[in-house]
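Each chain, written out:
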Protein chains: 2
Amino acid sequence: MAGLGTVGASVVRLLARHGEALARKCGRGLEVRAVCARDPSRDRGIDLSGTTWYADPAEMARASDIDVVVELIGGDSGPAEACVRVALSSGKHVVTANKALLARHGVELAALAEKNGVCLNYEAAVAGGIPIVKTLREAMAGNAVSRVYGILNGTCNYILTRMEKDDLSFAECLADAQRLGYAEADPTFDIEGNDTAHKLAILTSLAFGCKISAEDVYLEGITSITTADIEAADELGYRIKLLGVAQKTDSGIEQRVHPTMVPKSSAIARIDGVLNAVAVDGDFVGEVVLVGPGAGGNATASSVVSDLADIARGDVAPVLGTPATDLVDYARAGMRLHEGGYYIRLSVYDRPGAFATIARCMADADISLESIVQRRRAARGDAPGASTPADPQPVILITYETTEAAVKQALEAVVSKGVVADAPQMIRIEKLA
Amino acid sequence: MAGLGTVGASVVRLLARHGEALARKCGRGLEVRAVCARDPSRDRGIDLSGTTWYADPAEMARASDIDVVVELIGGDSGPAEACVRVALSSGKHVVTANKALLARHGVELAALAEKNGVCLNYEAAVAGGIPIVKTLREAMAGNAVSRVYGILNGTCNYILTRMEKDDLSFAECLADAQRLGYAEADPTFDIEGNDTAHKLAILTSLAFGCKISAEDVYLEGITSITTADIEAADELGYRIKLLGVAQKTDSGIEQRVHPTMVPKSSAIARIDGVLNAVAVDGDFVGEVVLVGPGAGGNATASSVVSDLADIARGDVAPVLGTPATDLVDYARAGMRLHEGGYYIRLSVYDRPGAFATIARCMADADISLESIVQRRRAARGDAPGASTPADPQPVILITYETTEAAVKQALEAVVSKGVVADAPQMIRIEKLA
């Protein structure tokens, strides 16, 4: 075991508590033979007597008395990468929770594992305790997948849920998430969507049999979402979620991470707080949705041990479902070709003709509007009528299905006409069953 | 392939469409070598050229040129059983969708498979396209499960959903379900809960490492549910679902199938129509919920092929998660010890003292009431006040957590006092996160 943080300690505890049952299920026991962590003297509340301590994870990965290396160090390079490479090269199975490493080097590491006839298992890397890797790789092996999408980051979902339920600002909810340990001191990686993008890139490869291409994920975080958007979504029958979506289109595969309007009636709209959910559309099975804890030491340990059990049982599957040498190149569908409905919030100067100008910009871009909501704004706490006619007023537009290019064109035109006070807000609407 | 009905034909179509991708994923091709069905001349819209036709499935299972038998005949004995026994005995892997067969002979067949070193896979037998068998057996292998529950019968869920959404009677919805092909001409097996019980018994074994014991499932169907119950549930913040629940308690394992009040806010409450959903509570992972199509040729075929892919890949796991020889006896927790909240609907004669009598019966059984709803009934379509004080009036009671024995005792007392016009209705409330 390389890395003995929260997840590592949970894995050790799990093996201690359920080791006997696991041995029956797998036909052989699982034993922690060696560990590698920064501070051997720290009390982690786990019994590590009889294990060999290593300072260097790569050195541990070379040891002749171990069969499997569990990499829980993290990071897309450095000691984690070295440890995994050494392990696979020396014919040892690897279990990892490291999405960053896989998003960057996954295909190459998969090839290395397959060349050496060993497993590289990573159920814990995507959606924590939810068995989405196993589901895509094995349970849905007989399906052509058309779309996989989900809520893959508990931090963002916690913030969006709190904003909605408690009418708080993004900043207030982020501070709460940090206080509760749901967000890092530097939350950038979560709230800007990078974490979701890494997970999505892995799911894309599993779903479509293509190479992992994390740098091709279209990325928008949740920092621009305001309570005004949340309220408007609510009124219009939507909730706002940070989704990762990978979808087959005529022009290739879209990979996108962005705040998304989802109908309140959809399963995904009801996933609250730090929960994760992943939905897969298969041509034979239809839609399957998995919901569960996306993070936390124990839930993640459950997935790590599931991977270990598969190895102990002798199940060697292609790392990414399809053998690495058969993975096709990722064919990126340009975001400008993305088709869907759009939510647009404008802050419009209340002047004669302003609305006609906006309507003209939409029509020029061939965009039809499903609904238009204009309401005189009353600032929070103010008495009605506190705003004056000269103040810019929010206007919400919901478009029928159109293209990203058309929306961009229309919004650029709106801005250039000088009728809006701020940059337009635009949130994509996901079509869900 | 033994049996070429809807599911069998879908399996053949799936293999034809995705055979190449599957071969890459599994490292070997899947080929339909022999089929066995009643009418070889019927046009099933599938290409079966090059396959050998057998009249007797057991004879086919003996053939030397096949590795795997897919049993889609159905039934807990007869040709299906013979075919599976012959296949396993002659060292052939078996994939089956036959819950009735497994519920009755599962442990014995598992032992036979394991003795012969072959697989007996049955993902399609429980919840159709949802990979709950794989999830329990493999993904959650590192967890002690405390409860598994779900909506396992699409017919019942369709009927209950229609009753609620369209304010129709049970009989009307059943007729609709039959017209739409969601219910059999003889719907008994579905609506009385037997089908759910079979599936639950299999899940119980997988979740708790015990022998299958379908005859120990406590069983109540949905035929007694009225629109009055559905309406009362709605008002009280619940929905009524036919759940199968297997739960560890101090006195053993409860297996029960009955109409259940679930909080509207729960994930399971929102599963509509013919969808299925299964939730598992594990000590490490927490709660994982899987939602998807519980029936249908294509969704079921997806699970059958997933089982085939596992076999092709060489993954041999214990049939019931734990090897058959290590399965412990099923320790039945008596229903009288069941603890939970209860919904009680009484038809009370509107006489002085009637309500005091009921309250006394509840108190005598140590039952505390969380809410009491009494409302003068206005028959559907009648003007308010159309009922007279002498008519029996509905009274709804919601109890705090109590025992089944206490509720039975209280209701017997209520009936014996002659204050109610009809047999009391009682629906259990499931505590859900």
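The name given to chain A in an unreviewed UniProt entry is Homoserine dehydrogenase, with Polymorphum gilvum as the source organism. The heading Sequence similarities (unreviewed entry) in the UniProt record of chain A holds the text "Belongs to the homoserine dehydrogenase family."

Of note, Asp 167 of chain A is a non-glycine position whose phi angle comes to about 55°, a positive value. Structurally, Asp 167 of chain A can be placed in the loop between helix H6 (154–166) and helix H7 (170–179). According to the relative accessible area criterion, Asp 167 of chain A is partly exposed, its value standing at 32%. The backbone of Ala 127 of chain B shows a phi angle near 60°, a positive value even though the residue is not glycine.

Right, let's talk about the interface of chain B and chain A for a bit. In this complex, chain B contributes 45 residues to the contact, which on the side of chain A involves 45 residues. By the criterion of area lost to chain A, the three top residues of chain B are Lys 25, Phe 284 and Arg 313 of chain B, representing 19% of everything that side buries. If you look at where chain B meets chain A, you find 8 salt bridges. The partner of Glu 138 of chain A in a salt bridge is Lys 134 of chain B, and the shortest N-O contact between them spans 2.7 Å. For the pair chain B and chain A, the interface holds 18 residue pairs in polar contact (both at pLDDT 80 or more). Put simply, the parts of the chain that give the side of chain B that touches chain A at least two residues each are helix H1 (6–26), helix H5 (132–139), strand E11 (286–293) and helix H11 (297–313) of chain B. For the side of chain B that touches chain A, the per-class residue count stands at 20 nonpolar, 12 polar and 13 charged.

On to the domain arrangement of chain A, then. Residues and elements named next belong to chain A. Each assigned domain of chain A is listed with its residue range as follows: domain 1 (6–125), domain 2 (132–295) and domain 3 (338–429). The straight-line distance from the C-alpha centre of domain 1 to that of domain 2 is 28 Å. At the junction of the two partners, domain 1 supplies 11 residues and domain 2 supplies 12 residues. Taking both partners together, domain 1 and domain 2 bury about 960 Å²; carbon and sulfur atoms supply 66% of that area. Across the domain 1-domain 2 interface, the total number found is 0 salt bridges. Connecting domain 1 to domain 2 are 3 residue pairs in polar contact (both at pLDDT 80 or more). Among the secondary structure elements, those contributing two or more residues to the side of domain 1 that touches domain 2 are helix H4 (99–115) and strand E5 (120–121). Element by element, the count of residues in the side of domain 1 that touches domain 2 is highest for H4, at 6 residues. A breakdown of the residues in the side of domain 1 that touches domain 2 according to their chemical character gives 7 nonpolar, 2 polar and 2 charged.

With that settled, the discussion passes to the UniProt feature "binding site: NADPH" (unreviewed entry) in chain A. Residues and elements named next belong to chain A. Here, UniProt's "binding site: NADPH" (unreviewed entry) annotation points to Lys 99. Structurally, Lys 99 can be placed in helix H4. Residue Lys 99 is classed as partly exposed on the basis of its relative accessible area of 23%. Non-local contacts of Lys 99, meaning those with residues more than four positions away in its chain, are made with Ala 125, Asp 195, His 198, Lys 199 and Ile 202.

Let us look at the relation of the copies chain B and chain A. Mapping chain B onto chain A leaves a residual RMSD of 0.0 Å; the transformation is a rotation of 180° accompanied by 0.0 Å of translation along its axis. The two molecules are tied by a two-fold rotation axis, judged by turn and shift. In this assembly the copies share their binding face: 100% of the residues contributing to the interface of chain B also contribute to that of chain A.

Okay, the packing of aromatic side chains next. All names here are of chain A. Considering all chains together, one arrives at 2 aromatic pairs over all chains under this definition. Relative to Tyr 182, the ring of Tyr 158 has its centre 4.9 Å away and its plane inclined at 65°; by these criteria the two rings are edge-to-face. Placement of Tyr 158 in helix H6 and of Tyr 182 in the loop between H7 and helix H8 (188–191) is noted, with a sequence separation of 24 residues between them. What makes Tyr 158 buried here is its relative accessible area of 8%. Residue Tyr 182 is classed as partly exposed on the basis of its relative accessible area of 37%.

We now examine helix H6 (residues 154–166) of chain B. Residues and elements named next belong to chain B. In a regular helix each residue adds 1.5 Å, so 13 residues correspond to 18 Å; H6 covers 17 Å between its end C-alpha atoms and thus fits that length. Of the positions making up H6, those classed as buried are Gly 154, Thr 155, Cys 156, Asn 157, Tyr 158, Ile 159, Leu 160, Thr 161 and Met 163. The inward-facing, buried residues of H6 contact strand E6 (145–151), helix H7 (170–179), helix H8 (188–191), helix H10 (227–236), strand E8 (238–249) and strand E10 (275–282). A distance of 3.1 Å separates the backbone nitrogen of Thr 155 from a side-chain oxygen at the start of H6, and that oxygen is part of Asn 153.

All names here are of chain A. In space, the 3 strands of this open sheet follow the order E3-E4-E5, with parallel pairing throughout. Looking at the sheet topology across the chains shown, the edges are occupied by strand E3 (68–71) and E5. Sheet topology places strand E4 (residues 93–96) next to E5; 2 bridges connect them, and they run parallel. Opposite Val 95, over in E5, you have Asn 121 as the bridge partner.

What follows concerns the pairing of E6 of chain B. Residues and elements named next belong to chain B. Taken across its 7 residues, E6 has 6 buried, putting it largely inside the fold. Sheet analysis places E6 next to E10, joined by 6 bridges and oriented antiparallel. Within the sheet, the bridge partner assigned to Tyr 149 lies in E10 and is Ala 279. Two strands pair when backbone bridges link them, and E6 and E8 are joined in this way by 4 bridges, in the antiparallel orientation. Pairing of Gly 150 across the sheet is with Gly 244, part of E8.

What follows is about the sheet that holds strand E4 (residues 93–96) of chain B. All names here are of chain B. Here we have 3 strands laid out as an open sheet, ordered E3-E4-E5, and parallel in their pairing. The open sheet has two free edges, formed respectively by strand E3 (68–71) and strand E5 (120–121), since each of these has just one partner strand. This element, helix H3 (residues 78–89), spans E3, E4 and E5 of the sheet and lies at about 165° to E3.

To continue, consider the pattern of salt bridges. Under the defined criterion, the tally for this structure stands at 70 salt bridges over all chains. Among the charged side chains, a network of salt bridges with common partners joins Lys 134, Arg 137, Glu 138, Asp 310, Arg 313 and Asp 315 of chain A together with Lys 134, Arg 137, Glu 138, Asp 310, Arg 313 and Asp 315 of chain B.

This part covers H5 of chain B. Residues that lie three or four places apart on an α-helix share one face, since the helix turns once every 3.6 residues. By the criterion of burial, H5 of chain B is predominantly enclosed, with 8 of the 8 residues buried. The set of residues buried in H5 of chain B consists of Ile 132, Val 133, Lys 134, Thr 135, Leu 136, Arg 137, Glu 138 and Ala 139 of chain B.

The next thing to look at is the packing of H6 of chain B against H7 of chain B. Residue and element names in this part refer to chain B. Two numbers describe how H6 lies on H7: the axes approach to 9 Å, and their chain directions differ by 125°. On the basis of the axis angle, H6 is oblique to H7. Helix-helix and strand crossings are classified by hand; for H6 and H7 the assignment is right-handed. Facing Tyr 158, Ile 159, Arg 162 and Met 163 of H6, the residues of H7 in contact are Phe 170, Cys 173, Leu 174, Asp 176 and Ala 177. Per-class residue counts for the contact of H6 with H7 are 7 nonpolar, no polar and 2 charged.

The rules behind the values
- Residues numbered from 1 in each chain as written.
- Chains lettered and ligands numbered in written order.
- Predicted model: local features only at pLDDT ≥ 70, side-chain atom pairs only at ≥ 80, totals over all residues.
- Heavy atoms only, no water.
- UniProt positions renumbered as here; feature names shortened; annotations may be inferred.
- Helix = DSSP H or I, 4+ residues; strand = E, 2+ residues; numbered from the N terminus.
- Buried < 20%, exposed > 50% of the residue type's maximum accessible area, 1.4 Å probe, protein only.
- Contact = heavy atoms within 4.5 Å.
- Buried area = accessible area lost by both parts, 1.4 Å probe.
- Salt bridge = Lys/Arg side-chain N within 4 Å of Asp/Glu carboxyl O.
- Polar contact = N/O pair within 3.5 Å; in protein donor to acceptor, adjacent residues only side chain to side chain.
- Nonpolar A, V, L, I, M, F, W, Y, C, P; charged D, E, K, R; others polar.
- Domains from an automatic or database assignment.
- Least-squares fit on C-alpha atoms with pLDDT ≥ 70 in both.
- Phe/Tyr/Trp six-rings, centres within 6.5 Å; stacked < 30°, edge-to-face > 60°.
- Expected span 1.5 Å × (residues − 1).
- Pairing = 2+ DSSP bridges.
- Axes fitted to C-alpha atoms, helices over the stretch in contact; angles between N-to-C directions.
- Parallel < 35°, antiparallel > 145°, perpendicular 65-115°, else oblique.
- Left-handed = near helix turned anticlockwise from the far one by under 90°.

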